[in-house]
Amino acid sequence: MQVASRTAVAEFHDVVLESGYVFEQLHIAYETYGQLNAEKSNAVLIEHALTGDPHVSSGVANPAAAESPRSFAPGWWEEVVGPGRAIDTNEFFVVCANALGGCNGSTGPTSPSADGLAHGSRFPDVSIRDMAAAEVLLSDRLGIPAWHAVIGGSMGGARALEFALVAPERVKRATILAAPAFSDADQIAWAHTQIQAIELDPDFCGGDYAVIGRFPRRGLGLARQIAHLTYRADSELNERFANTRQEQWPDLAHRPRPASAGDAYYAIQSYLDHQATKLVDRFDAQSYRILTQALRDHDVRRGRSTNLAEALSAAQAKFQVISVSSDRLYPPAQVARLAAALPGDVETQVLDSWAGHDGFLTEGVQLSPHLRRFLT
Ligand SMILES: CC(=O)SCCNC(=O)CCNC(=O)[C@H](O)C(C)(C)COP(=O)(O)OP(=O)(O)OC[C@H]1O[C@@H](n2cnc3c(N)ncnc32)[C@H](O)[C@@H]1OP(=O)(O)O
Ligand SMILES: N[C@@H](CCO)C(=O)O
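Residues numbered from 1 in each chain as written. Chains lettered and ligands numbered in written order. Predicted model: local features only at pLDDT ≥ 70, side-chain atom pairs only at ≥ 80, totals over all residues. Heavy atoms only, no water.

A. Inspection of the overall build of the protein at higher detail. When helices and strands are counted, the protein shows 11 helices and 10 strands. Since a compact globule built from 376 residues should have a radius of gyration of about 21 Å, the 20 Å found for the protein is in line with a globular shape. By its C-alpha atoms, the protein is 65 × 55 × 50 Å across when sized along the principal axes. Counting the 376 residues in the protein, one finds 56% classified as buried. Counted over contacts in the protein with a minimum sequence separation of 6, partners at least 24 positions apart contribute 71%. Accessible surface for the protein amounts to roughly 15,900 Å². Of this, 52% is attributable to carbon and sulfur atoms. For the protein, the separation between the mean place of its 32 positive charges and that of its 44 negative charges on side chains is 1 Å. (Helix = DSSP H or I, 4+ residues; strand = E, 2+ residues; numbered from the N terminus. Rg over C-alpha atoms; globule rule 2.2 N^0.38 Å. Buried < 20%, exposed > 50% of the residue type's maximum accessible area, 1.4 Å probe, protein only. Contact = heavy atoms within 4.5 Å. Areas by Shrake-Rupley, 256 points an atom, 1.4 Å probe, with all protein chains shown as cover. Lys, Arg positive; Asp, Glu negative; His and termini not counted. Charge placed at Lys NZ, Arg CZ, Asp CG, Glu CD.)

Structure below.
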């Protein structure tokens, strides 16, 4: 029988957040791939992005040919993680945990509170640092004294960076992809508009929609559309969609068209509507809001030092920092400022891609040799 990955949930008690809020009970869901070696020196922690989840890989070389393909669904970083791939699960014990505040098994707004009802509006604000601290607890539970590497992109990059600062002695290498040292005005503004889109949906009900059987689909969908435009490059969208109408896309003309569309329904509108529907069907709105807020407030300087290099000086890991040439959410220059302020010799790369911020997900082939070399 093939066993490519394991899914588990770790339970912790009396976990104190940065804000002082105490979770009497806290769950972190995670998947593992490969085997931890006797020296416990081959563990790699992968941190997912905003709407990612612990299923980073199918864990098999060819998921379609697996004994039961449905049990080996491709993961969100299938090109990069798996047997023989850059993050080689034959060599490394790979762990990917759902972020605290998420909606894929870890404690989040949808998980039950002490009264058995969803936390909803009662869910506290969490920070990227809280997420990292929870993963330090998970490291203890898994018996991992130090990670061979902690790797993440976007919000996952912020999580990896905070992990390297919260527990410096427990991170040997850290790869930060398409993420900054702190959110700047531009990213705070994008988060602001997305949070408002969710909150202004009458079905949001202050965050307590679940208990009355409602869900802010329009608000979450609009938030995803705003976000998606920051995830992809304008030149890519212009080249792919131009000003063509959706009816000129025979293969995709069947995709639902909103009643409000009128005569002009452009392919780019249809594309965005599709991205919105896909997310709304798989993600919780309050979770999205909490995670967006955490990323909005990401700032490694908080409570450490107003001087960035000083704030980062406690890190002991060897760093690799990678940006995407067309990223308009976290432009290469902003990511380079993080690299310049980190201690030690930092390896830097810029992925050449038209896919914008999402390049860290779509450019697996280009990214792989850099990761493989860094992990050796
Ligand atoms: C499977 C999961 O849920 S993984 C969960 C974890 N996910 C993550 O962490 C990342 C979230 N995912 C993403 O951000 C994105 O899906 C990415 C970055 C991985 C995808 O990037 P790309 O492969 O470049 O996808 P792209 O932007 O071209 O979108 C393709 C989709 O748009 C659709 N599309 C393209 N043109 C149109 C159009 N004119 N009208 C409607 N839909 C359109 C395609 O049919 C395709 O649909 P599908 O995803 O349902 O197959
Ligand atoms: N598309 C990715 C990128 C966010 O950084 C996500 O939804 O998680």
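B. Broad picture of the pattern of salt bridges. Applying the stated criterion across every chain, the model contains 20 salt bridges. Here Glu 162 ties to Arg 129 by a salt bridge, and the two come within 3.2 Å at their closest N and O atoms. Taken as a pair, Glu 162 in helix H2 (residues 155–166) and Arg 129 in helix H1 (residues 128–142) lie far apart in primary sequence, 33 residues in all. A residue is classified by how much of its surface remains accessible, and Glu 162, at 1% relative accessible area, is buried. Among the ionic pairs, Glu 199 bridges to Arg 289, the shortest N-O distance being 2.7 Å. Here the residue Glu 199 occupies a position in helix H3 (residues 185–199), and Arg 289 occupies one in helix H7 (residues 285–296), the gap between them amounting to 90 residues. A relative accessible area of 36% means that Glu 199 is categorised as partly exposed. (Salt bridge = Lys/Arg side-chain N within 4 Å of Asp/Glu carboxyl O.)

C. Local environment of the site of ligand 2. Taken together, Ala 49, Leu 50, Thr 51, Ser 154, Arg 224, Tyr 231, His 357, Asp 358 and Leu 361 make up all the residues around ligand 2. One nitrogen or oxygen atom from the main chain of Leu 50 is found 3.5 Å from an oxygen atom belonging to ligand 2. Within the side chain of His 357, a nitrogen or oxygen atom sits 3.0 Å from an oxygen atom of ligand 2. Considering ligand 2 on its own, with 250 Å² of exposed area, one finds that the protein chains cover 93% of that surface. Here the shell around ligand 2 is composed, by residue class, of four nonpolar, three polar and two charged. (Near = heavy atom within 4 Å. Polar contact = N/O pair within 3.5 Å; in protein donor to acceptor, adjacent residues only side chain to side chain. Nonpolar A, V, L, I, M, F, W, Y, C, P; charged D, E, K, R; others polar.)

D. Region of the structure containing the UniProt feature "binding site: substrate" (unreviewed entry) in the protein. According to UniProt, the feature "binding site: substrate" (unreviewed entry) maps to Arg 224 and Asp 358 in the numbering used here. Maximum C-alpha separation among the annotated residues is 13.5 Å over a sequence range of 135 residues, consistent with a single clustered spot. Its place among the elements puts Arg 224 in helix H4 (residues 217–231). Not counting the four nearest positions on each side in its chain, Arg 224 is found in contact with Thr 51, Tyr 231, Gln 275, Ala 276, Leu 279, Arg 282 and Tyr 288. Mapped onto the secondary structure, Asp 358 falls in the loop between strand S10 (347–351) and helix H10 (359–362). Note on Asp 358: relative accessible area 10%, which makes it buried. (UniProt positions renumbered as here; feature names shortened; annotations may be inferred.)

E. Molecular detail of the UniProt feature "active site" (unreviewed entry) in the protein. Here, the residues flagged by UniProt with the feature "active site" (unreviewed entry) are Ser 154, Asp 327 and His 357. A compact arrangement is adopted by the annotated residues: their sequence extent is 204 residues, whereas the largest C-alpha distance between any two is 10.8 Å. Note that Ser 154 resides in the loop between strand S7 (149–153) and H2. Beyond its immediate sequence surroundings of up to four residues, Ser 154 is in contact with Ala 49, Leu 177, Ala 178, Ala 179, Tyr 330, His 357 and Phe 360. Position of Asp 327 relative to the elements: it lies in the loop between strand S9 (318–324) and helix H9 (332–341). Apart from residues no more than four positions distant in its own chain, Asp 327 is found in contact with Ala 178, Pro 332, Gly 356 and His 357.

F. Structural context of the site of ligand 1. Taken together, 22 residues lie around ligand 1, and Arg 240, Ser 270, Tyr 271, His 274 and Lys 278 are the ones closest in. In the model, an oxygen atom of ligand 1 is placed 3.1 Å from a nitrogen or oxygen of the Gln 275 side chain. Contact between ligand 1 and Lys 278: an oxygen atom at 2.5 Å from a side-chain N or O atom of the residue. Taken by itself ligand 1 offers 1,100 Å² of open surface, and the protein chains cover 68% of this. Of all the secondary structure elements, the ones that give two or more residues to the shell around ligand 1 are helix H5 (234–241), helix H6 (267–280) and H10. Here the element with the most residues in the shell around ligand 1 is H6; it accounts for six residues.

G. The arrangement of a nonpolar patch on the surface in detail. Taken together, the side chains of Leu 117, Val 211 and Ile 212 define a hydrophobic patch exposed on the protein surface, amounting to about 270 Å² of accessible area. Within the secondary structure, Leu 117 sits in the loop between strand S6 (93–97) and H1. Exposure remark for Leu 117: the relative accessible area of 44% places this residue in the partly exposed category. (Patch = residues over 30% accessible without salt bridge, like charges linked within 9 Å, V, L, I, M, F, W, Y side chains within 5 Å.)

H. Broad picture of H2. Taking 1.5 Å per residue as the helical rise, H2 with its 12 residues ought to reach 16 Å, and the 16 Å between its terminal C-alpha atoms agrees with that figure. Here H2 lies mainly inside the structure; 11 of its 12 residues are buried. Along H2, the residues that are buried comprise Met 155, Gly 156, Gly 157, Ala 158, Arg 159, Ala 160, Leu 161, Glu 162, Phe 163, Ala 164 and Leu 165. (Expected span 1.5 Å × (residues − 1).)

I. Representation of the confidence of the model for the protein in the model. Scored by pLDDT, the protein has a mean of 96; 99% of the residues are at 70 or more. Across the whole predicted complex the pTM is 0.96, and at the interface the ipTM reaches 0.92. (pLDDT = per-residue confidence, 0-100.)

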